[in-house]
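Examining the three-dimensional arrangement
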Amino acid sequence: MSKLAVAVLASVGLVGGSALAWLPEESEFDRLLRLSREGAAVVRPQAAKRLVSLGPPAAEGLVRWIQEADNPLSDLGPEVMGVLPDFGDPRLRALSWKAVDDPDFPWRPAAVLGLARSATPKEANRFVEALEDPIAKVREPAILALERLEHREALDSLRSCLEDPDDRVRRNAAKVLTNWGEPCAVTWLVEELKRDDSWFGRETGKLARYQSLKILENELATGRRTFGFEAELPWNAPDNALAATEIEAFLLDLCPDPPPLPLVARATGFLEGNVLGLEIRSCRKGEFFLRWNEKDLFSVGRGNPTRFELPEGTVARLMHEASRVLSTLEDRKVWGEPGCDSEQLFYWPRSVDRASVYRISKGQAIVEGLRPPALGHLFSLMAATVPESGTGRLVGLASQVRAALQAVGGDLPED
Amino acid sequence: MNRPLLLSVLLPLITAGIAVAASSWVEVNIMELTQFDWEPGGELPDSITALDGESIEIKGYMALDTPEGTTTFRLSYYECGCGNAQPNHFVQVDVDDVVGYRPERLTLRGTLSVGEETEDGFVVSLYRLKAESIE
């Protein structure tokens, strides 16, 4: 009788305790692997760490689980992928790199993060290559790996990261460059303290202030120099006035001739008039933050986004269609289960005080029919307004957006 | 009758003392609760342990994996796309009436308890809120 069958029979009272006692006990390895893959969100990372503490027998167990039982590597889930290199077993490390090298592998960020914690000098160039990855959450740990390795041959690549559209990547590059003797990179971190931007009511600027302050306080070789700055408050708040002055003086002392910041790294405040937004997070295709403004401006990115002008009337037409489409959804706003991919629509007519949010999400497997056809139609219209021509990481933006939408909710209809 | 409702009934009737009653909800910034490094067994700052048992008001976002028809969910400072949750990155919320995932920022009032709660040897929460109201 299978364990499942006994458990079912026990639950309806057909077998008693003596039959349950007959069941073989789950080994600690099996228990921790199960919890790492399928436990509650808060338990999974802790269980994965404990799995590592079981040492070589657990490493052997994982190799068997993957190779002999022929389970797909991705079925380990992000938490186990994130600790595979911690076992110190070359076979598991090789599997982590195999995952990183596969653009269709869903947990590449976790795999790189795990590898970064124990980066070896022989791997330095692979981490330099990862700085060019389309997924920001892969680029970010690659920087930390190069820091750990003190791989100063990567200086130029790290300097390029100061122009990255993702603020996490820029902050980490600034931290490493500062610690490697380029104090003017602190300018990027101080600029983050000046941010007060938001994303449809979400305080992205405040979050950046907290994260930058954490680096400035704890992770710089220059020592703790934040002078009581309160990340909760904007840079120009009266309670931050004194700290802001002292931080500026400190910065000038470190870097008498501050470099001009690229546009993407410059602090900005609240951008008025954004009425439609699409936030796409694909574990395979990366993240996209797209906004349409009532003045026919399209912007991509958070913080200080890159802006493009759209033909007059474009956004009014999109809003008209959005209003029609959303009224057909009968108040439903959430589809699917989270895990790997999500796309969120933000709809914010000027007549209401906050945006309505509609979310579609899924795990690593394709889910047929996930996106309601009405939203598919709207997303297709929105995607058609995304410019294809950009610079840097925005080259081929429209194609990238369509690929990400396809990865999350399936093909868009041809409108 | 819960406290916010009680206040709304009394507001038109009395003027004096309302500020005292309204301010009895200690406003807690979820960023302050969640922006420090912590390991299981580690100490919490005094300013945070002092909030244990307080009636608080707190703003945040439901975790993405909140199912429909639940009476418990994680509240975090920002709606992240990750399933991975560190105990010091969220407040575990308990409500009386069932709720489902709501993507917008929420304001909650209730009683906060602070300290490690473990199940099966794992820390499952550091902060718990018995919510009386959600807006």
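Just so we're clear, the structure is a prediction, and the values are computed from it rather than from any experiment.

1. Re the packing of aromatic side chains
Residues and elements named next belong to chain A. Counted under the stated rule, the structure contains ten aromatic pairs over all chains. With a centroid separation of 6.2 Å and 50 degrees between ring planes, the pair formed by Phe 200 and Trp 348 is classed as tilted. With Phe 200 in the loop between helix 13 (186-193) and helix 14 (204-218) and Trp 348 in the loop between strand 6 (341-347) and strand 7 (356-362), this pair connects stretches of sequence that are 148 residues apart. A single burial state applies to Phe 200 and to Trp 348, both of which are buried. Between Phe 227 and Phe 250 the ring centres are 6.2 Å apart and the planes differ by 65 degrees, which places this aromatic pair in the edge-to-face class. Here Phe 250 lies in helix 15 (residues 241-254) and Phe 227 lies in the loop between helix 14 and helix 15, a separation of 23 residues in the sequence. Judged by its relative accessible area of 34%, Phe 227 is partly exposed. By relative accessible area, which is 12% here, Phe 250 ends up buried. The ring of Trp 97 is capped by Arg 126, whose NZ or CZ atom sits 4.2 Å from the centre of that ring.

2. Some words on the layout of surface pockets
All names here are of chain A. The calculated volume of the second largest pocket comes to roughly 920 Å³. For the second largest pocket, the lining is made up of 37 residues, of which Asp 164, Pro 165, Asp 166, Arg 393 and Leu 394 are closest to its centre. Of the residues forming the lining of the second largest pocket, the biggest block, four residues, is contributed by strand 2 (residues 286-293). Residue composition of the lining of the second largest pocket, grouped by class: 14 nonpolar, ten polar and 13 charged. Per-domain counts for the lining of the second largest pocket show at least three residues from each of domain 2 (150-270) and domain 3 (274-409).

3. Considerations on the environment of Arg37(A)
Residue and element names in this part refer to chain A. Residue position: Arg 37 is located in helix 3 (residues 28-38). It is 6.1 Å that separates the C-alpha atoms of Arg 37 and Leu 76, two residues lying 39 residues apart in sequence. A polar side-chain atom of Arg 37 sits 2.8 Å from the main-chain carbonyl oxygen of Asp 75.

4. Focus on empty space enclosed by the protein
Empty space among the atoms can be located by rolling a probe the size of a water molecule over them. Residues and elements named next belong to chain A. According to the stated counting rule, one finds one cavity of 30 Å³ or more in the structure shown. A volume near 50 Å³ is recorded for the largest cavity. Taken together, Ser 198, Trp 199, Phe 200, Gly 201, Phe 270, Leu 271, Asn 274, Arg 291, Trp 348 and Arg 350 make up the full set of residues lining the largest cavity. Its residues placed into classes, the lining of the largest cavity shows five nonpolar, three polar and two charged. Each of two domains, domain 2 (150-270) and domain 3 (274-409), supplies a minimum of three residues to the lining of the largest cavity.

5. As for the sheet that holds strand 5 (residues 334-336) of chain A
Note on sheets: strands pair through backbone hydrogen bonds, and any given pair is parallel or antiparallel. All names here are of chain A. Spatially, seven strands are ordered 4-3-2-1-6-7-5 in an open sheet, and the strand pairing comes out mixed. Two strands bound the open sheet, and with one partner strand each, they are strand 4 (306-309) and strand 5. Direction aside, the axes of adjacent strands within the sheet are offset by 10 degrees on average.

6. Things to note about the pairing of strand 7 of chain A
All names here are of chain A. Counting buried residues along strand 7, six of its seven residues qualify, which places the element largely inside the surrounding structure. Looking at chain direction, strand 5 and strand 7 are connected through three bridges and run parallel. Of the residues in strand 7, the one forming a bridge with Gly 336 is Ser 361. Pairing of strand 6 with strand 7 involves seven bridges; the strand directions are antiparallel. Each residue of the ladder has a partner; that of Leu 345, found in strand 7, is Tyr 358.

7. Describing the packing of helix 16 (residues 314-326) of chain A against helix 17 (residues 373-384) of chain A
All names here are of chain A. With their axes 9 Å apart at the nearest point, helix 16 and helix 17 run at an angle of 170 degrees to one another. Compared by their axis directions, helix 16 and helix 17 come out roughly antiparallel. Facing helix 16, whose interface residues are Leu 318, Glu 321, Ala 322, Arg 324, Val 325 and Leu 326, helix 17 presents Ala 374, Leu 375, His 377, Leu 378, Leu 381 and Met 382. Here the contact of helix 16 with helix 17 is composed, by residue class, of nine nonpolar, one polar and two charged.

8. As for the packing of helix 13 of chain A against helix 14 of chain A
Angle between the axes and distance between the axes: these two values describe a pair of packed helices. Residue and element names in this part refer to chain A. Interaxial distance between helix 13 and helix 14 falls to 7 Å at its minimum, and their mutual angle equals 140 degrees. Compared by their axis directions, helix 13 and helix 14 come out oblique. For the crossing formed where helix 13 meets helix 14, the hand is left-handed. Residue-level contacts link Val 186, Leu 189, Glu 192 and Leu 193 of helix 13 to Ala 208, Arg 209, Ser 212, Leu 213, Ile 215 and Leu 216 of helix 14. Of the residues contributing to the contact of helix 13 with helix 14, the split by class is seven nonpolar, one polar and two charged.

9. Examining the interface of chain B and chain A
With 30 residues of chain B at the interface, the matching set in chain A holds 31 residues. Where chain B abuts chain A, roughly 2700 Å² becomes buried across the two surfaces, and 53% of that area is made up of carbon and sulfur atoms. Taken together, chain B and chain A are joined by four salt bridges. The residue Glu39(B) makes a salt bridge to Lys49(A) at a minimum N-O spacing of 3.5 Å. Along the contact surface separating chain B from chain A lie 14 residue pairs in polar contact (both at pLDDT 80 or more).

Analysis parameters
- Residues numbered from 1 in each chain as written.
- Chains lettered and ligands numbered in written order.
- Predicted model: local features only at pLDDT ≥ 70, side-chain atom pairs only at ≥ 80, totals over all residues.
- Heavy atoms only, no water.
- Phe/Tyr/Trp six-rings, centres within 6.5 Å; stacked < 30°, edge-to-face > 60°.
- Helix = DSSP H or I, 4+ residues; strand = E, 2+ residues; numbered from the N terminus.
- Buried < 20%, exposed > 50% of the residue type's maximum accessible area, 1.4 Å probe, protein only.
- Lys NZ or Arg CZ within 6 Å of the ring centre and 35° of its normal.
- 1 Å grid on protein atoms, 1.4 Å probe; cavity = no way out; pocket = protein on both sides within 12 Å on 5 of 7 lines; lining within 4 Å.
- Points joined across faces, edges and corners; volume = space filled by probe spheres on them.
- Nonpolar A, V, L, I, M, F, W, Y, C, P; charged D, E, K, R; others polar.
- Domains from an automatic or database assignment.
- Polar contact = N/O pair within 3.5 Å; in protein donor to acceptor, adjacent residues only side chain to side chain.
- Pairing = 2+ DSSP bridges.
- Axes fitted to C-alpha atoms, helices over the stretch in contact; angles between N-to-C directions.
- Parallel < 35°, antiparallel > 145°, perpendicular 65-115°, else oblique.
- Contact = heavy atoms within 4.5 Å.
- Left-handed = near helix turned anticlockwise from the far one by under 90°.
- Buried area = accessible area lost by both parts, 1.4 Å probe.
- Salt bridge = Lys/Arg side-chain N within 4 Å of Asp/Glu carboxyl O.

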